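Now for the letters of each chain:
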Amino acid sequence: MKEVVRTSLLCGMTWALVLGAGCRGTSPDEQATASDEVSADAQGAEGVDPSVVQPDTLARVNGTVVLSRAELDAELESIVRRYEGAPGRGSTTPQWRNERRQRIVQNAVQDYMVGRHIRERGIRMTDEEVLERLRQEHPHVFANAQAFDRYLAAQHMTREQYLNQQRLEYGLNQLLEERGQAAPGDDEVEEFYQRNRERWRAEERVLLSTILIRLRADAPPADVEAARTRLEQARQRVRAGEDFAAVARELSEGAEQETGGDMGWVMRGRQRLMADDEIEALVFATPVGQVTAPVRTIAGLQVFHVRDHRPEGIRDLDEVRSAIEAPLRRRQRQRLRIELVQELREQFGIELFEDNWGLEAVDAVGTDGTEASGTAAGDDGATGDDDELAAE
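Residues numbered from 1 in each chain as written. Predicted model: local features only at pLDDT ≥ 70, side-chain atom pairs only at ≥ 80, totals over all residues. Heavy atoms only, no water.

Asks: Describe helix α11 (residues 277-285), and please don't skip the residues or the numbers.
Replies: Counting along an α-helix, one turn takes 3.6 residues, and residues three or four places apart therefore face a common direction. Every buried residue of α11 is listed here: I279, E280, V283 and F284. Along the axis of α11, the buried residues cluster in a sector spanning 125 degrees; they form a single face. Opposite the buried face of α11, by more than 90 degrees, sit the exposed residues D277, E278 and A285. Buried positions along α11 lie against β5 (205-214), β6 (262-267), β7 (295-296) and β8 (300-310). (Buried < 20%, exposed > 50% of the residue type's maximum accessible area, 1.4 Å probe, protein only. Helix = DSSP H or I, 4+ residues; strand = E, 2+ residues; numbered from the N terminus. Arc of directions from axis to C-beta. Contact = heavy atoms within 4.5 Å.)

Asks: Requested: an account of the sheet that holds β8, with residues and values cited.
Replies: What the four strands build is an open sheet, ordered β6-β5-β8-β7; its pairing is antiparallel. Every other strand in the sheet has two partners, leaving β6 and β7 as the edge strands with one partner each. Note that β5 and β6 share five bridges and pair antiparallel. What sits directly across from L207, in β6, is W265. (Pairing = 2+ DSSP bridges.)

Asks: Which residues make up the pattern of salt bridges, and what values go with them?
Replies: Taken as a whole and assessed by the stated rule, the structure comprises 30 salt bridges. The salt bridge involving E191 is made with R195; its shortest N-O contact spans 2.7 Å. Separated by four residues within a single helix, E191 and R195 lie in helix α8 (residues 186-195), roughly one turn from each other. Residue classification places E191 among the partly exposed positions, given a relative accessible area of 41%. Measuring nitrogen to oxygen at the nearest pair gives 3.5 Å for the salt bridge that ties E253 to R230. Taken together, the positions of E253 in the loop between α10 (244-251) and β6 and R230 in helix α9 (residues 221-239) put the pair 23 residues apart, joining distant regions of the chain. The class for E253 is partly exposed, based on a relative accessible area of 35%. (Salt bridge = Lys/Arg side-chain N within 4 Å of Asp/Glu carboxyl O.)

Asks: Now, about the environment of R97: what can you tell me, with residues and values included?
Replies: Residue placement: R97 occurs in helix α3 (residues 94-120). Residues R97 and L76, 21 residues apart in the sequence, show an inter-C-alpha distance of 7.5 Å. Contacts of R97, omitting those with residues within four sequence positions, involve L76, V80, T92 and E360.

Asks: For the packing of helix α6 (residues 145-155) against helix α7 (residues 159-178), give the residues involved together with the corresponding values.
Replies: Direction vectors running N to C along α6 and α7 enclose 85 degrees, while the axes themselves pass 10 Å from each other. With respect to α7, the element α6 is oriented roughly perpendicular. Here α6 contributes F148, Y151 and L152 to the contact with α7, which in turn contributes R159, Y162 and L163. A class-by-class count of the residues in the contact of α6 with α7 yields five nonpolar, no polar and one charged. (Axes fitted to C-alpha atoms, helices over the stretch in contact; angles between N-to-C directions. Parallel < 35°, antiparallel > 145°, perpendicular 65-115°, else oblique. Nonpolar A, V, L, I, M, F, W, Y, C, P; charged D, E, K, R; others polar.)

Asks: If you had to explain the packing of helix α4 (residues 127-137) against α7 to someone new, which residues and values would you point to?
Replies: Here α4 crosses α7 at 80 degrees, and the two axes come no closer than 10 Å. Judged by the angle between their axes, α4 and α7 are roughly perpendicular. Residues D127, V130, L131, R133, L134 and E137 of α4 pack against R159, Y162, L163, Q166, R167 and Y170 of α7. Partitioned by chemical class, the residues of the contact of α4 with α7 number six nonpolar, one polar and five charged.

Asks: Can you tell me about the side chain of R167, naming the residues and giving the values?
Replies: Within the fold, R167 resides in helix α7. Residue class for R167 comes out buried when judged on its relative accessible area of 14%. There is a polar contact of 2.7 Å between the side chain of R167 and the side chain of N164. (Polar contact = N/O pair within 3.5 Å; in protein donor to acceptor, adjacent residues only side chain to side chain.)

Purely geometric numbers; function is a separate question.
So, in structure tokens, the structure goes:
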């Protein structure tokens, strides 16, 4: 078993197994390729003493430095800026920032090990392959360069950093699939549903799809009439037997176009689009399977296809299955990730140099008299499995 060598266990931090996505600008392939030379030097080349630790060295894996102090400081600054910039949040505390420093170093070490393992398994993706997969999974974000740039700016990341992060994630997904990652079984889903039935109580609701023709609030009557004609023609096509989703993909100008107009379940009195009492009354009075007449909404002119109508009460399992499966799948994936990292730790020599992390002094009690050991409210701390599922 490889030993994790550490220095100065300041604040008694625990080196947790939390695998996070790296935000550094070097891909796993580049890190691993460069490390072949660095590791060889560190392990015996003339003039190199592996016992000498430079002030900028935060962690080494098999003798390779995996994160610099400048990278740590830049990433921490970005995290603090996003956290403190969120509504209702105050300034971060020294302990909060120390915990983030710890996570950043942990992620760098684990990203390096996983990236090295991915490379050794021959799993590789080019930038274009990564982008193509992103376009398929998130077309609204990655369909064009401008939308991608706006997303990167919001994430405080460069294009290179984001693509490397996703490349690592896709490679990890392939590794975990080989280890048995699978969708949760029906029995597991049913057990959680029955154990938490009251969590699925809901108001009266309808399952809707829509076709939207966008119009300005001051659109001239001729434009409104043209939009109404298009929607009436769409209704006639559906009545004649065409699939509503196919017609919506062809004609709709709304955000739901790519999903065939799917709006999901709309609760009585809760959706902003249904803020108009007359529109809400119309869709809730329309029989299942029917399409409403065109109605004016805040977005333009729309028709609504009522696919299902449920009364107030406990939602059926088919309504909430996806809300249960997604976090159960994440929980299974997290278990497999931890197992993988634990195995990799057995194969790599890890050295942590906490004196170089820039850890701040932390009082036992915060300035407001509260314990300093907790995480900030609204933080990204982990929750219990059931709490995570309930939040979905």
